[in-house]
Amino acid sequence: MRPDAIYDRPDLYDRIVTPGPCEPFYRGLAAETGGPVLELACGTGRLTIPLAADGHEVVGVDLSPAMLDAAAGKARRAGAKVAFVCGDMERFALGRRFRLVLVSCNSLAHLRSNAAVLSCLARIRDHLAPGGRLAFDVVQPDLRALAACAGRGGRPARTWLPPGAPAVEERTTYDPVEQVRVSHWSLCRPDGSREPLRRLALRQFFPNEIPLLLGAAGLRLVARYGDFEGNPLGPGSANQVCVAAAGAG
Ligand SMILES: C[S@@+](CC[C@H](N)C(=O)[O-])C[C@H]1O[C@@H](n2cnc3c(N)ncnc32)[C@H](O)[C@@H]1O
């Protein structure tokens, strides 16, 4: 499986996805559970590096060699020790167990089919130490936004990145049967040239699916919040921040 196009461009990724409130949330959880910590889809090390700096033993798995190279460079410069592994979260086997497994920043949404999600969750269950926790955040589907781009042509939008960076033009479509939102991105440079990127396809997880998917993989939801401050999930919550453990619900 090939990573989505934005992940060939870690420099661009780091401009778009900057440190946020997920960092204190996951650091706090790691302080409670203790390590070792496994982050799946760890990207450029936005969380693995601070977690290692907190003194945890951290392993980061990602499908994109470019993202992992960027992460390894950042970890080296920060003096943080992280074991980065190139692999697919749908079918990884590390031969050891972890007190905490993280899948942050809507990364689980890269697994679009139920079979892929269940395969990943089963692999996670097999990598959890007794009493260990899985923590992940996925977006709460925004029905109005999805409805607006459910037509054939999709909905265009333009995002301007910080000065000097190209603008990103995004055309979004949504397949309500597959529950997949697809973004077609183009980089628009100041000289007027355009570079189309490969599509970014993200599964939408509706709230009632999550306990069922976890249950089908031998996991149970132990907490779910609507944000990283621990507020309850509600109709207006942008995220579903979930904590799960092995065992029946
Ligand atoms: C939104 S980024 C999140 C990166 C990081 N967790 C963060 O919070 O900044 C999603 C990451 O998932 C990775 N990815 C996508 N599909 C994957 C898969 N099947 N297995 C492992 N990593 C995957 C991408 O390469 C990318 O680095």
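As annotated in an unreviewed UniProt entry, the chain carries the name Class I SAM-dependent methyltransferase and is attributed to Propylenella binzhouense.

K.L.:
So what exactly am I meant to see when it comes to helix α7 (residues 209–216) here?
P.N.:
Because the α-helix completes a turn every 3.6 residues, residues three or four places apart line up on one side. All of the buried residues in α7 are E209, I210, L213 and L214. Seen from one end, α7 has its buried residues packed into an arc of 125 degrees, which puts them on one side. Away from its buried face by more than 90 degrees, α7 exposes L212 and A216. Summarising the contacts, the buried residues of α7 are in contact with α5 (114–127), β5 (128–139), β10 (200–203), β11 (219–225) and β12 (239–246). Phi turns positive one or two residues past the end of α7, at G218, with a value near 80 degrees.

K.L.:
Where do I start with the packing of aromatic side chains in this structure?
P.N.:
Note on aromatic pairs: each is described by the distance of the centres and the angle between the planes. Summed over all chains, the structure comprises five aromatic pairs. An aromatic cluster is present here, built from F25, Y26, Y225 and F228 joined pairwise through their rings.

K.L.:
Please explain the site of the ligand as it appears in this structure.
P.N.:
Neighbouring the ligand are 20 residues, the closest being Y13, A41, R46, D62 and D88. Within the side chain of D88, a nitrogen or oxygen atom sits 2.8 Å from a nitrogen atom of the ligand. Considering the ligand on its own, with 600 Å² of exposed area, one finds that the protein chains cover 98% of that surface. Residue composition of the shell around the ligand, grouped by class: 10 nonpolar, six polar and four charged.

K.L.:
How do you make sense of the environment of P207 when you look at a structure like this?
P.N.:
Counting through the fold element by element, P207 comes out in the loop between β10 and α7. A C-alpha to C-alpha distance of 9.2 Å links P207 and L233, two positions 26 residues apart in sequence. If we skip the residues at most four places from it in the chain, P207 touches Q140, R224, L233 and Q240.

K.L.:
Mind showing me how you'd approach the pattern of salt bridges here?
P.N.:
Side chains carrying opposite charge are able to pair once their charged atoms draw close together. For the structure shown, the criterion picks out 10 salt bridges. Across the pair R91 and E90 runs a salt bridge whose closest N-O atoms are separated by 3.2 Å. Its relative accessible area of 55% is what places R91 among the exposed residues. Linking E209 and R203 is a salt bridge whose minimum nitrogen-to-oxygen distance equals 3.0 Å. Taking relative accessible area as the criterion, E209 reaches 19% and is therefore assigned buried. Here R203 falls in the buried class, since its relative accessible area comes to 3%.

K.L.:
Can you walk me through the environment of E90 in this structure?
P.N.:
Its location among the elements puts E90 in the loop between β3 (82–86) and β4 (98–103). According to the relative accessible area criterion, E90 is buried, its value standing at 15%. Sequence spacing of E90 and S119 is 29 residues, and the spatial spacing of their C-alpha atoms is 5.6 Å. Other than its neighbours up to four places away in sequence, E90 contacts L111, A116, S119, C120 and R123. Side chain to side chain, E90 and R91 meet in a polar contact 3.2 Å long.

K.L.:
Mind showing me how you'd approach the nonpolar core here?
P.N.:
Proteins that are soluble and globular tend to have nonpolar side chains buried together. Grouped together as the largest cluster of nonpolar side chains are 42 residues, with contacts concentrated most on L40, L121, I124, L134 and F136. The leading source of residues in this core is α5, at five residues. A domain split of this core shows at least three residues from each of domain 1 (5–140 + 205–246) and domain 2 (143–202). For F136, the contacting residues outside a window of four places in its chain are Y26, V103, L108, I210, L214, Q240, V241 and C242. Formed by 21 residues, the second largest nonpolar core is a distinct cluster that contains V82, L102, A135 and V241.

K.L.:
Looking at this model, I keep getting lost on the domain arrangement of the chain. Mind explaining?
P.N.:
Frequently, the measure chosen for interface size is the accessible area removed from exposure when the parts meet. Segmenting the chain into domains produces domain 1 (5–140 + 205–246) and domain 2 (143–202). Each partner contributes to the interface: domain 1 provides 14 residues, whereas domain 2 provides 16 residues. Remark: the boundary between domain 1 and domain 2 carries zero salt bridges. Inspection of the domain 1/domain 2 interface yields one residue pair in polar contact (both at pLDDT 80 or more). Of the residues forming the side of domain 1 that touches domain 2, the biggest block, three residues, is contributed by helix α1 (residues 10–16).

K.L.:
Help me understand the sheet that holds strand β1 (residues 37–40), please; the structure alone is not making it clear to me.
P.N.:
Adjacent strands of a sheet form backbone hydrogen bonds with each other and so pair up, either parallel or antiparallel. With mixed pairing, the seven strands of this open sheet are ordered in space as β3-β2-β1-β4-β5-β12-β11. Sheet topology places β3 and β11 at the edges, where each strand pairs with a single neighbour. Ignoring which end each strand starts from, the neighbouring axes of this sheet average 20 degrees apart. With respect to the sheet, α5 is in contact with β1, β4, β5, β11 and β12, its orientation differing from that of β5 by roughly 145 degrees. Taken strand by strand, α7 contacts β5, β11 and β12, and its axis lies near 150 degrees from that of β11.

Thresholds applied
- Residues numbered from 1 in each chain as written.
- Predicted model: local features only at pLDDT ≥ 70, side-chain atom pairs only at ≥ 80, totals over all residues.
- Heavy atoms only, no water.
- Buried < 20%, exposed > 50% of the residue type's maximum accessible area, 1.4 Å probe, protein only.
- Helix = DSSP H or I, 4+ residues; strand = E, 2+ residues; numbered from the N terminus.
- Arc of directions from axis to C-beta.
- Contact = heavy atoms within 4.5 Å.
- Phe/Tyr/Trp six-rings, centres within 6.5 Å; stacked < 30°, edge-to-face > 60°.
- Near = heavy atom within 4 Å.
- Polar contact = N/O pair within 3.5 Å; in protein donor to acceptor, adjacent residues only side chain to side chain.
- Areas by Shrake-Rupley, 256 points an atom, 1.4 Å probe, with all protein chains shown as cover.
- Nonpolar A, V, L, I, M, F, W, Y, C, P; charged D, E, K, R; others polar.
- Salt bridge = Lys/Arg side-chain N within 4 Å of Asp/Glu carboxyl O.
- Core = buried A, V, L, I, M, F, W, Y, C linked by side-chain atoms within 4.5 Å.
- Domains from an automatic or database assignment.
- Pairing = 2+ DSSP bridges.
- Axes fitted to C-alpha atoms, helices over the stretch in contact; angles between N-to-C directions.

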